[in-house]
Amino acid sequence: MFGWGKLRFRSPDKKTILEDAEHVEDFKSSETIGRVTLGRLCLYYKDLGKKYYVPYETIDRAFCRISETQPDDSPAYYYYRLILVHGEKEFANLIFNKEEDVDLILEKLPGFHPGIKIGYVPPADGKQKARFC
């Protein structure tokens with residue numbers, strides 16, 4: 001009645017919702033690395049309790065960004081972000097605790113779609129956009 005227990009996938013722009021059996025089966029039968037599932041149709045990830053799908057054709061570039069947190073009187077703590085880019089806009093920023101997980105995903109992505117480029121490309125004007133916007 002309410003749809004509880006059904007798998008629903010949202011697009012990163014939150015406009016499209018998929019509930020079809022083909023994507024549900026693809027998600028269930030695919031390899032999960034951290035919070036990312038690499039299916040044959042799409043890349044799936046969970047963010048704030050919702051599941052998202054990203055067709056591989058929409059990913060132009062992917063890279064790892066390393067963030068450092070310096071707590072008081074403690075050694076620095078590093079966490080690793082998988083950044084997905086489409087049209088020079090970062091649309092997914094997924095946090096991992098282990099760099100090995102991000103490296104494994106970046107290694108496997110071009111196998112699903114050869115047009116995906118791996119690595120960071122600085123802006124043409126040399127200025128980085130503010131990350132808090």
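Predicted, not measured: the structure shown is a model, and the values here were computed from it.

Where do I start with the side chain of Asp101 in this structure?
Within the secondary structure layout, Asp101 lies in helix H2 (residues 99-112). Buried and unpaired, Asp101 has no salt bridge, with Lys98 as the nearest side chain of opposite charge at 4.4 Å. If we skip the residues at most four places from it in the chain, Asp101 touches Ile33, Gly34 and Phe96.

I'm lost on H2 in this one. Help?
Count 3.6 residues to each turn of an α-helix, and residues three or four apart come out pointing the same way. Between its terminal C-alpha atoms H2 stretches 21 Å, which fits the 20 Å expected from 14 residues at 1.5 Å a residue. For H2, the complete set of buried residues consists of Asp101, Val102, Ile105, Leu106 and Leu109. In a view along the axis of H2, the buried residues occupy a sector of 135°, so they form one face of it. Across H2 from its buried face, at more than 90 degrees, point the exposed residues Glu100, Glu107 and Gly111.

Explanation requested: the nonpolar core in the structure shown.
The biggest cluster of nonpolar side chains holds 21 residues, and the ones touching the most others in it are Val36, Leu43, Leu82 and Leu109. Here the element with the most residues in this core is H2; it accounts for four residues. Core analysis: the second largest hydrophobic core is formed by seven residues, Phe9, Val24, Phe27 and Cys42 among them.

How should I be thinking about the pattern of salt bridges in this particular structure?
Pairs may arise between side chains of opposite charge once their charged atoms sit close together. As enumerated under the stated definition, the model contains four salt bridges in all. The partner of Arg65 in a salt bridge is Glu90, and the shortest N-O contact between them spans 2.9 Å. Of this pair, Arg65 sits in strand E7 (residues 61-69) while Glu90 is found in strand E9 (residues 89-96), placing the two residues 25 residues apart along the sequence. For Arg65, a relative accessible area of 12% gives the class buried. Look at Glu90 and you get partly exposed, because its relative accessible area is 38%.

Just checking my understanding: could you explain unusual backbone geometry for this structure?
Glycine aside, negative phi is the norm for most residues, and most peptide bonds take the trans geometry. Not every positive phi belongs to a glycine, and Asp73 is a case in point at roughly 55°. The topology assignment puts Asp73 in the loop between E7 and strand E8 (77-86). Even without being glycine, Glu88 reaches a positive phi, approximately 65°. Here Glu88 lies in the loop between E8 and E9.

What counts and how
Residues numbered from 1 in each chain as written. Predicted model: local features only at pLDDT ≥ 70, side-chain atom pairs only at ≥ 80, totals over all residues. Heavy atoms only, no water. Helix = DSSP H or I, 4+ residues; strand = E, 2+ residues; numbered from the N terminus. Buried < 20%, exposed > 50% of the residue type's maximum accessible area, 1.4 Å probe, protein only. Lys, Arg positive; Asp, Glu negative; His and termini not counted. Salt bridge = Lys/Arg side-chain N within 4 Å of Asp/Glu carboxyl O. Contact = heavy atoms within 4.5 Å. Expected span 1.5 Å × (residues − 1). Arc of directions from axis to C-beta. Core = buried A, V, L, I, M, F, W, Y, C linked by side-chain atoms within 4.5 Å.

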